[in-house]
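Listed below are the residues making up each chain.
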Amino acid sequence: MKAPLSWLKDFVDIDISIADLAHLITMAGMEVEEIRILGLPMPAPGRVDARLSGLEWDREKIVVASILEVFPHPNADRLTLCKLFDGQQEHIVLTGAPNLFEYKGIGPLPKVLKVAYAKEGAQIYDGHQEGLVLTKLKRATIRGVESFSMVCSEKELGISDEHEGILILDEDALPGTPLADYLGDAVLDVKLLPSFARCASMLGLAREIAAITGKPLKQLQAPSQPPAGKADFAEIEITNPEMNPRFVLGLIRNIEIRPSPEKVQRRLKMAGMRPINNIVDATNYVMLEIGEPLHAFDYDVLVKSAKNKPVKIITRTAKAGEKLTTLDGVERKLDETTVLVCDQAGALSIAGVMGGRESDVYDAAQEVLDARGIEPQAGEFPKGKASARGKSTSSILLEGAAWNFINIRKTARAYALHSEASYRFGRGVHPALAERGVRRGLELMHAWANGEVAPGLVDAYPLPAKDPTVEITSADVKRWLGVEIPIKKMKLMLERLEFTCTLESKQRLLVTLPDHRMDIGEGITGKADIVEEIARIYGYDNIPETRIADELPPQLGNPLLDKEERIRDLLVAQGLQETISYRLTTPEREARRLRPDAPTDDQPYVCIANPIAPDKAVLRHSVLASLLDTAERNARVRERLALFEIGPAFRASESGDPSSGSGQGLPDELQRVVLLLAGPRSLPGWQPVDATPMDFYDLKGVLSALLDGLRIPAVGFRPAEHPSFHPGKCARVMSGDKQIGVVGELHPQVRGQYDWPASFRSPVQVAEIDLDVLLTLIPTLHQTEAVPTLPPVLEDLAVVVDENLPAERIAELIRQTGGKVVSEVRLFDVYRDEKIGAGKKSLAYSLTYQAVNKTLSDKDVAGLRARILRRLEQELGAVLRR
Amino acid sequence: MLDKLNEIQTNALSAIESVQDEAALEAWRVAHLGRSSALMQLFNGFGQLSKEERPVIGQRANEVKKALEEAFVARSGQVRQVALKRSIEQERLDVTLPGRRLPLGRLHPDTQILRELYRVFGEMGFQVYRSREVESDEYNFQLLNFPVGHPARDMQDTYFVESEGRGDNPIVLRTHTSPGQIRAMRECAARDPHKPPSVRIILPGMVYRYEQVDARHETQFDQIEGLAVGPGITFSDLKGTLADLARRLFGKNVRTRFRASFFPFTEPSAEFDIECFLCGGKGCNVCGGGWLEIGGCGMIHPVVLQNGGYDPERYTGFAFGLGPQRIAMLRYGINDIRYFWENDLRFLEQF
């Protein structure tokens, strides 16, 4: 909400600087996002949290002046020369302002015009440039006339975008007065959180300022009552009080529609609203001033529609298929939960959100003038010209109401109709304001548009506000805030916010809510609400910092997280870079990870009902797909890729959710570890390196070291087929009979579905591990073995076997036969040639024999070796190679 | 004979003076101490000497041999020194040539910040509790005191998941880590429903907002939330805890500031700021007025405590949330939040 300082001062004296004021408001929960300076001294930047904008007017160089006479320019029709008085002397000033043309050459003005006069050297905005460009007034000669000063437009002063003519001040402005003193202002743009809806008005914000600064609130004089008498101009029927607790109507007749007073227009503009005419402006002014949005109906339209019967206003929800053309000219199909204000003929407006066109305040003159593209001038306002609807509105039926805020918010969202009214009604406006608002509205209309206020108000109030009473004690405050606040001090603070407080006993306070607050609950919630108010006014800064005195709960740690972090460490230690990806993607994007001829992924996706962009349609099925996307992008900037990611894949669940155990139909979140290697084993340097592309065994090595580091038991790799991988270069990763994951080289066709740069020719190695399974296999504890003190015996052993025999079987058998004595079996050569024979391969192992308790003799080793060879031969058909 | 011996010694010792390298040294050894050298010849001809001459000549000959041998050892030491010096001079490397690097693995910057937070919070008695990313409206909003249709929901623009027949309880991507508060409190309270144990946890994790992505706004980001529930937890404890945290994360002199705010699940609620550690609170182009917004916090709303299984008449608690990415951005001068999940190695390799 934009709050002009001058308007706030209607309700509270403010004698602190703008910067201090903004700070106090911000600290109390109403964040000042921007301070726009209109002439007043600019706060020093760096000490203000808010953004600063606007222009400070030099007190010496920008002053009030009177234009005494306007002369034609000798060499230019579009320019005039003004004789003006700046409080000290007379000057001749050049201007092109069209709003001075009418005074050109008529001699000394009968009534001087008060204007804003900028002298040489004054800093203002350049009126001829787009946007806000600062400029300093310099001496110049324009068409043969010297010029060093100027009369300013609103744009040049930073008040508005208006640059059509110069700013004309009210008559009370004294020449020579610094303009900043006469017109200077500042607008605070305050961000109001949902619980601060009560502050969405000048009075509301001023009330908070009064409470924080300790200044008294200058109450608005109670708006005058309409003349006494029976209100017989309309009837009200509320069909659902839950939706519409109160509805108030007042009537004013014989008004004249014209522009509002300058000061009112200026205030509305500063508050971010466009002045329309005195009637519409009055409704907006009341809304900004006290927070009650009003709606003005053209009473004659309603009378005509009632066809000689009394005007009757009905509030009800829309009927099936009902339509209404709203103020913005859009015909809307109405939802059956939408609450409408109707007469007996049909809908007049969407309650609390937007009026209908038919019964809108109608300004025939404005329509005629708009059509010609001319702005009306004060004082020469044409009346009652002919138009489509006939004559201008002359009688106003003024509505003030209270609505159910949940329903209003829903309606505003459903039609995407976000108005100042729906903003306030959608957050809650107290029903007491309905009647106060109508009275204030009639008062302002009477003042600005003449007219006669009809006797009485029609007030239907079927569901009075509850305004709960909350009981609070010093102990409550101590329990929540940790600070002792004397009960009398609490009472004073709450009274500053207009709560009514009764001291029930020495320790107990009964707090009754003022009739502008909707945010305080009952019972323990009410207590918490009141404690918050006390804390805010007491000042969060004044509450001490303490260390938790409560007993420390058992420190259980999080073993699963510790294990997950251990996985990260082991992968980083092997030179892999961790990545974290967006989880939102598209099925098409993810499908690239599968061979084109493979069955499509038919698992149900978690689909976003309201995706913000087409490429964020679903939650990912595959972390592998995420990592491939990452590799694809990075292949343009890096030759060698070694990456991993740990995170969830998502599957929509029909049956329920095993992980939460709640059976709420929530999706499965399956945790995965994915590894990727591609590119040369080593990056080229100034000396030769192994630059062969990394292959299956590079990734298998990383994976084996990881599983070894985690002490996963009985790790094995079994040939496998998988729709992402090369059929000959893919393995299931096992621990015993449990599958942990899959590792392999990306299938050439899958690789081909990604957009690699031409320079990137390496195959891509990928592994995907089921983290949920892996975590269950990581032992919490493990035992160490003593460091051997006796010398080992080292020996090499080469055997020839069938090509198809998996190498792992040989090593396994050697280990099995060697038992504890064979402490290490390391394959160091795989060899094939004609001598060995077709379909055969030679595998050479280096064996370490190591006994714990004795030095092994040659005989010991020879015996063991013979047993190993015998079993290799008998069980695997291996022949010793000599 | 004695003269001859003297001559041998004089010649040999003078010859060794000109020896400069290993080869000349070896040649000298052969010439003067070798089998066919004059000295050795002389030893060989010993038998022909008279009985009287033998001891005199013999002693002298041994003296000469010893002198030559000593000269040889000394010279060979010198020659080796010279050779070593020469070879060292020749073996000079260009130390500015690049070294051979092993590829360095790195943790994602977000993980690095999270680990630091786990450690700091762990020392303060807060344990890590993780919970799901896809939630029901009930857990994400209703149980946290965001009633259906309440304007407070405007504060968190939400992704909804396509699901049918769920009425007011649709599936959503969690908009904050707070649904974990309810899950953790319920899990804890279930251990002893009549006297639920105290809770002190942090909840890290990814959250989602329906928001256009730009340099400052993400549709997916992570949060870490703290929760303390017990019989005597106060707002002053919350201030003390966060002040401690700020000092540990940002420096021991850093000040904290609490501004009143609103969150449906806490009351009183606050935003907490720290004094800008980039400018020392003087005001700079990052902080503006000398303070940096770090997170939101407050006392747990009674309704939320109740929903978690804790009687709000007997228990109080506080909760706070902060953004690991925000901390990383401030610390490392990262000016675009999109860098985090885009995984450009040119960014990740800087950590």
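Just so it is clear, the model here is predicted, and its values are computed rather than measured. (Residues numbered from 1 in each chain as written. Chains lettered and ligands numbered in written order. Predicted model: local features only at pLDDT ≥ 70, side-chain atom pairs only at ≥ 80, totals over all residues. Heavy atoms only, no water.)

A. Region of interest: the overall build of chain B. Scanning chain B from terminus to terminus reveals 12 helices and 10 strands. Its C-alpha atoms give chain B a radius of gyration of 43 Å, clearly above 20 Å, the size a compact globule of 351 residues would have. Relative to its 351 residues, chain B shows a buried fraction of 56%. Considering only contacts within chain B whose residues lie at least 6 apart along the sequence, 68% involve residues at least 24 apart. Each charge class in chain B can be summarised by its mean position, and for the 43 positive and 46 negative side chains these summaries are 6 Å apart. (Helix = DSSP H or I, 4+ residues; strand = E, 2+ residues; numbered from the N terminus. Rg over C-alpha atoms; globule rule 2.2 N^0.38 Å. Buried < 20%, exposed > 50% of the residue type's maximum accessible area, 1.4 Å probe, protein only. Contact = heavy atoms within 4.5 Å. Lys, Arg positive; Asp, Glu negative; His and termini not counted. Charge placed at Lys NZ, Arg CZ, Asp CG, Glu CD.)

B. Local environment of the pattern of salt bridges. Using the criterion set out here, one finds 82 salt bridges over all chains in the structure. A salt bridge links Arg593 of chain A to Asp601 of chain A, with the nearest nitrogen and oxygen atoms 3.0 Å apart. Here Arg593 of chain A falls in the buried class, since its relative accessible area comes to 9%. Judged by its relative accessible area of 24%, Asp601 of chain A falls in the partly exposed class. Through salt bridges with shared partners, a single network forms among Glu31, Asp49 and Lys191 of chain A together with Arg257, Arg259, Asp273 and Glu293 of chain B. (Salt bridge = Lys/Arg side-chain N within 4 Å of Asp/Glu carboxyl O.)

C. Quick peek at the packing of helix H5 (residues 109-123) of chain B against helix H10 (residues 324-332) of chain B. Residue and element names in this part refer to chain B. It is the contact of H5 with H10, at a shortest axis distance of 9 Å, that shows an interaxial angle of 105°. One element, H5, and the other, H10, form an angle in the roughly perpendicular class. Contact with H5, carried on its side by Asp110, Ile113, Leu114, Glu116 and Leu117, involves Pro324, Gln325, Ile327, Ala328, Arg331 and Tyr332 of H10 and no other residues of that element. A per-class count over the contact of H5 with H10 returns seven nonpolar, one polar and three charged. (Axes fitted to C-alpha atoms, helices over the stretch in contact; angles between N-to-C directions. Parallel < 35°, antiparallel > 145°, perpendicular 65-115°, else oblique. Nonpolar A, V, L, I, M, F, W, Y, C, P; charged D, E, K, R; others polar.)

D. Spotlight on the domain arrangement of chain A. Residue and element names in this part refer to chain A. Partitioning chain A into structural domains gives domain 1 (2-55 + 187-195 + 209-213), domain 2 (58-183), domain 3 (235-311 + 356-372 + 383-460), domain 4 (469-541), domain 5 (560-777) and domain 6 (793-880). For domain 1 versus domain 3, the separation of C-alpha centres amounts to 30 Å. In this assembly, 11 residues from domain 1 lie in contact with nine residues from domain 3. Around 910 Å² of area is buried between domain 1 and domain 3 when both sides are counted, 59% of it from carbon and sulfur atoms. (Domains from an automatic or database assignment. Buried area = accessible area lost by both parts, 1.4 Å probe.)

E. Representation of the sheet that holds strand S43 (residues 879-880) of chain A within the structure. Residue and element names in this part refer to chain A. The strand order S41-S42-S40-S43 describes an open sheet built from four strands, whose pairing is antiparallel. Both outer strands of the open sheet, strand S41 (822-831) and S43, are each paired with one neighbouring strand and no more. When strand S40 (residues 793-802) meets S43, the two strands line up antiparallel, connected through two bridges. Of the residues in S43, the one forming a bridge with Val799 is Leu880. Relative to strand S42 (residues 840-849), helix H22 (residues 807-818) is tilted by about 30°, and along the sheet it contacts S40, S41 and S42. (Pairing = 2+ DSSP bridges.)

F. Here's a closer look at the environment of Val742 of chain A. Residues and elements named next belong to chain A. Position of Val742 among the secondary structure elements: in strand S38 (residues 738-746). A C-alpha to C-alpha distance of 62 Å links Val742 and Gly329, two positions 413 residues apart in sequence. If near-sequence neighbours (up to four positions away) are discounted, Val742 is found in contact with His722, Phe725, Cys730, Ala731, Arg732, Val733, Val766, Ala767 and Glu768.

G. Quick look at the pairing of S38 of chain A. All names here are of chain A. Buried residues dominate S38, accounting for seven of its nine residues. Counting the residues between successive antiparallel strands, the hairpin from strand S37 (residues 725-735) to S38 contains two residues, one of them, Gly736, with a positive phi of roughly 60°. Strand direction decides the pairing type here: S38 and strand S39 (residues 764-770), joined by five bridges, are antiparallel. The partner of Gly741 across the bridge, within S39, is Ile769.

H. Spotlight on the packing of aromatic side chains. Across all of its chains, the model carries 25 aromatic pairs over all chains by this definition. Among the aromatic side chains, those forming a connected cluster through ring pairs are Tyr332, Tyr339, Phe340, Trp341, Phe347 and Phe351 of chain B. Over the aromatic face of Phe148 of chain A sits the side chain of Arg139 of chain A, whose NZ or CZ is 4.5 Å from the ring centroid. Between Lys616 of chain A and the ring centre of Tyr582 of chain A, over which it is positioned, the NZ or CZ distance is 5.5 Å. (Phe/Tyr/Trp six-rings, centres within 6.5 Å; stacked < 30°, edge-to-face > 60°. Lys NZ or Arg CZ within 6 Å of the ring centre and 35° of its normal.)

I. Molecular detail of the sheet that holds strand S15 (residues 235-238) of chain A. Residue and element names in this part refer to chain A. One open sheet holds the five strands; their spatial order is S15-S18-S21-S22-S23, and the pairing between them is mixed. The open sheet has two edge strands with one neighbour each: S15 and strand S23 (354-355). Here strand S22 (residues 346-350) runs beside S23; their pairing, made up of two bridges, is antiparallel. Pairing of Ser349 across the sheet is with Gly355, part of S23.

J. Inspection of helix H5 (residues 202-213) of chain A at higher detail. All names here are of chain A. Spanning 12 residues, H5 covers 16 Å between terminal C-alpha atoms, matching the ideal 16 Å at 1.5 Å per step. Here H5 lies mainly inside the structure; 10 of its 12 residues are buried. Phi turns positive, to about 80°, at Gly214, one or two residues after H5. (Expected span 1.5 Å × (residues − 1).)

K. Region of the structure containing the interface of chain A and chain B. Counting residues at the interface gives 96 residues for chain A and 109 residues for chain B. Contact between chain A and chain B buries roughly 8,600 Å² in total, counting both sides, with carbon and sulfur atoms accounting for 52%. Looking at the side of chain A facing chain B, the largest losses of area belong to Tyr540, Tyr582 and Ile612 of chain A, adding up to 9% of the total buried there. On inspection of chain A and its partner chain B, the count reaches 11 salt bridges.

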